[in-house]
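What follows is the residue order along each chain.
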Amino acid sequence: MWFNTGTLCNLACKSCYIESSPTNDALVYLTLAEVETYLDEIEREGLGTREIGFTGGEPFMNRDMVPMLETCLARGFEVLVLTNAMRPMRRFEEALLDLNARHGDRMTFRVSLDHYTRAVHEAERGPNSWDKGMAGLQWLSDNSFSIAVAGRHLAHEDDAMARKGYAALFAETGIRIDAADPAQLVLFPEMDASADVPEITTACWGILDVDPKSVMCASSRMVVKHKGAARPMVTACTLLPYGDDFQMGETLAEASRDVSLNHPHCARFCVLGGASCTA
């Protein structure tokens with residue numbers, strides 16, 4: 001179960017799939033009460049949800065973020081937070097240290113680090129973003145948080161080359177991440193929205209030897225709140241918060257139905273790209 005805490009972010013990255021920025025409030029902040037409504041439904045319906053993910057925008061721009069973490073952890077969920085580890089997160093250091101002391105075995109922070117070089121990272125995320133992001137990642141590592149990094153391998157890099165570069169960075173800085181572990185270093189394909197991609201049909205599963213159950217929308221949903229809406233909405237996927245085709249209703253019960261893989265991201269990122277936001 002994913003919660004998008006809002007599209008506001010302290011950065012405006014060039015290829016952000018959700019167009020987060022310091023001014024984009026197309027998805028407004030979720031509140032603690034709204035999150036609790038969905039947690040209550042999970043419990044009431046016995047849905048068996050194991051993990052709660054938080055994404056944005058930058059989740060720590062939302063001042064309810066720490067209370068949301070607290071309530072998810074108190075209810076026994078595993079929690080994954082996607083963050084850039086910069087100033088918004090570090091405003092809450094004391095509270096996060098307390099949560100880590102009590103629930104650190106079920107809480108992971110995945111930090112966005114677009115490349116193992118400053119130049120490529122800052123070309124995507126903007127000037128002066130490298131040092132601040134690395135400092136936040138270092139703080140998490142030094143304080144024994146469970147951490148991971150979300151990165152990319154460029155078009156000319158294969159997986160092994162990218163992991164070797166990140167491994168050298170982590171060794172140099174003493175950051176506690178095993179770059180060979182795909183759960184600790186999650187590498188996403190580059191997303192070129194202008195590139196043509198094939199349609200995904202039922203025949204593709206056999207041709208590609210891909211299990212339909214491995215695609216994230218087979219077992220996950222994301223809650224968003226559109227600007228001006230009275231209530232949050234459940235969407236099919238973390239990549240597709242906009243567009244009527246992927247709005248699935250206001251409750252998890254309404255959203256418990258099949259998803260048509262008819263968006264370019266479905267092929268580019270998930271089926272052909274083999275990527276998963278939860279891996």
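Let me begin by describing the structure that accompanies this report. (Residues numbered from 1 in each chain as written. Predicted model: local features only at pLDDT ≥ 70, side-chain atom pairs only at ≥ 80, totals over all residues. Heavy atoms only, no water.)

1. Some thoughts on the pairing of strand β5 (residues 146-152)
Quick reminder of the rule: Whether a residue is buried, partly exposed or exposed follows from its accessible area with a 1.4 Å probe, protein chains only, as a fraction of its type maximum: under 20%, in between, or over 50%, in that order. The helix count covers DSSP runs of H or I at least four residues long, the strand count covers runs of E at least two residues long, and both are numbered beginning at the N terminus. By definition, two strands form a pair when at least two bridges between them are found by DSSP. Crossovers are marked right-handed if the path from the first strand over the helix to the second runs clockwise, as seen with the strands pointing away from the viewer.
Counting buried positions along β5 yields 6 of 7 residues, so the element is predominantly enclosed. When β5 meets strand β6 (residues 185-188), the two strands line up parallel, connected through 4 bridges. Note on β6: the bridge partner recorded for Gly151 is Leu187. With helix α7 (residues 159-173) bridging β5 and its parallel neighbour β6, the resulting β-α-β unit is right-handed.

2. Notes on the packing of helix α2 (residues 65-74) against helix α4 (residues 93-103)
Applied cut-off: Axis definition: a line fit to C-alpha positions, over the contact stretch in the case of helices; interaxial angles, taken between N-to-C directions, run 0 to 180 degrees. Roughly parallel means an angle under 35 degrees; roughly antiparallel means over 145; roughly perpendicular covers 65 to 115; every other angle is labelled oblique. Only heavy atoms matter for contacts: two residues are in contact if any of them lie within 4.5 Å across the pair. Under the scheme applied here, ten amino acids are nonpolar (Ala, Val, Leu, Ile, Met, Phe, Trp, Tyr, Cys and Pro), four are charged (Asp, Glu, Lys and Arg), and all others, including Gly, are polar.
The geometry of α2 relative to α4 is characterised by a closest axis approach of 11 Å and an angle of 10 degrees between their N-to-C directions. Between α2 and α4, the interaxial angle falls into the category roughly parallel. Between α2, through Val66, Leu69, Glu70 and Leu73, and α4, the contact on the second element is made entirely by Ala95, Leu96, Leu99, Arg102 and His103. Among the residues forming the contact of α2 with α4, the class breakdown is 6 nonpolar, 1 polar and 2 charged.

3. Details of the environment of Leu27
With respect to the element layout, Leu27 can be found in the loop between β1 (2-4) and α1 (32-45). When the C-alpha positions of Leu27 and Pro232 are compared, they lie 9.6 Å apart, and in sequence the two are 205 residues distant. Among residues more than four places away in sequence, those in contact with Leu27 are Asn4, Gly6, Thr7, Ile18, Val224, Lys225, His226, Pro241 and Tyr242.

4. Considerations on unusual backbone geometry
Put simply, Gly56 and Gly57 share a cis peptide bond, and its omega is 20 degrees. Position of Gly57 relative to the elements: it lies in the loop between β2 (51-55) and α2. In this structure, Asn128 takes a positive phi of about 70 degrees despite not being glycine. With respect to the helices and strands, Asn128 occurs in the loop between α5 (118-125) and α6 (129-142).

5. Brief notes about the sheet that holds strand β7 (residues 222-224)
With mixed pairing, the 8 strands of this open sheet are ordered in space as β6-β5-β4-β3-β2-β1-β7-β8. Either end of the sheet is taken by a strand with one partner, and the two such strands are β6 and β8 (233-235). For this sheet the average axis-to-axis angle between neighbouring strands, irrespective of direction, equals 25 degrees. Of the strand pairs in this sheet, β1 and β2 are connected by 3 bridges, and their pairing is parallel. The residue of β2 that forms the bridge with Asn4 is Thr55. Along the sheet, α7 makes contact with β5 and β6, crossing β6 at roughly 140 degrees.

6. Overview of α5
Note the cut-off: Taking the helix axis as origin, the arc is that swept by the directions to the C-beta atoms.
Among all positions in α5, only His121, Glu122, Glu124 and Arg125 are buried. On an axial view of α5, the arc spanned by its buried residues comes to 160 degrees, and they lie on one face. Of the residues trailing α5, Gly126 is marked for its positive phi of about 105 degrees.

7. Looking at α2
Across the 10 residues that make up α2, a large majority, 7, are buried. Buried residues of α2: Met65, Val66, Met68, Leu69, Thr71, Cys72 and Leu73, and no others. Those residues of α2 that are buried are in contact with α1, β2, β3 (78-83), α4 and β4 (107-112). Looking one or two residues past α2, Gly76 carries a phi angle of roughly 95 degrees, positive in sign.

8. Side note on the nonpolar core
Heads up, the rule is: The criterion is simple. A nonpolar core is a set of buried Ala, Val, Leu, Ile, Met, Phe, Trp, Tyr and Cys residues joined through side-chain atoms within 4.5 Å.
Grouped together as the largest cluster of nonpolar side chains are 63 residues, with contacts concentrated most on Phe3 and Leu96. It is α2 that provides the largest number of residues to this core, a total of 6 residues. When neighbours within four sequence positions are excluded, Leu96 is seen to be in contact with Phe60, Val66, Leu69, Met89, Met107, Phe109, Trp139 and Phe145.

9. Regarding the pattern of salt bridges
What counts here: By definition, a salt bridge exists where a carboxyl oxygen of Asp or Glu is found within 4 Å of a side-chain nitrogen of Lys or Arg.
All told, the structure shown has 15 salt bridges when counted by the stated rule. When the shortest N-O distance is used, the salt bridge between Arg118 and Asp131 registers 2.9 Å. Of this pair, Arg118 sits in helix α5 while Asp131 sits in helix α6, placing them 13 residues apart in sequence. Look at the salt bridges and you will find they share partners, linking Asp40, Glu43 and Arg75 into a network.

10. Description of the packing of α5 against α6
Helix packing geometry: the angle between the two helix axes and the distance between the axes. Running from N to C, α5 and α6 point in directions that differ by 105 degrees, and their axes come no closer than 9 Å. What the angle tells us is that α5 and α6 run roughly perpendicular. In this structure, α5 contributes Arg118, His121, Glu122 and Arg125 to the contact, and α6 contributes Ser129, Trp130 and Asp131. Its residues placed into classes, the contact of α5 with α6 shows 1 nonpolar, 2 polar and 4 charged.

11. Points about the pairing of β4
Relative to β4, β3 is paired through 5 bridges, and the arrangement is parallel. Counted as the bridge partner of Val81 is Phe109 from β4. Of the pairings in the sheet, the one linking β4 to β5 comprises 5 bridges and is parallel in character. By the bridge assignment for β5, Ser112 is matched with Ala150.

Bear in mind that shape data such as this cannot, by itself, settle questions of function.
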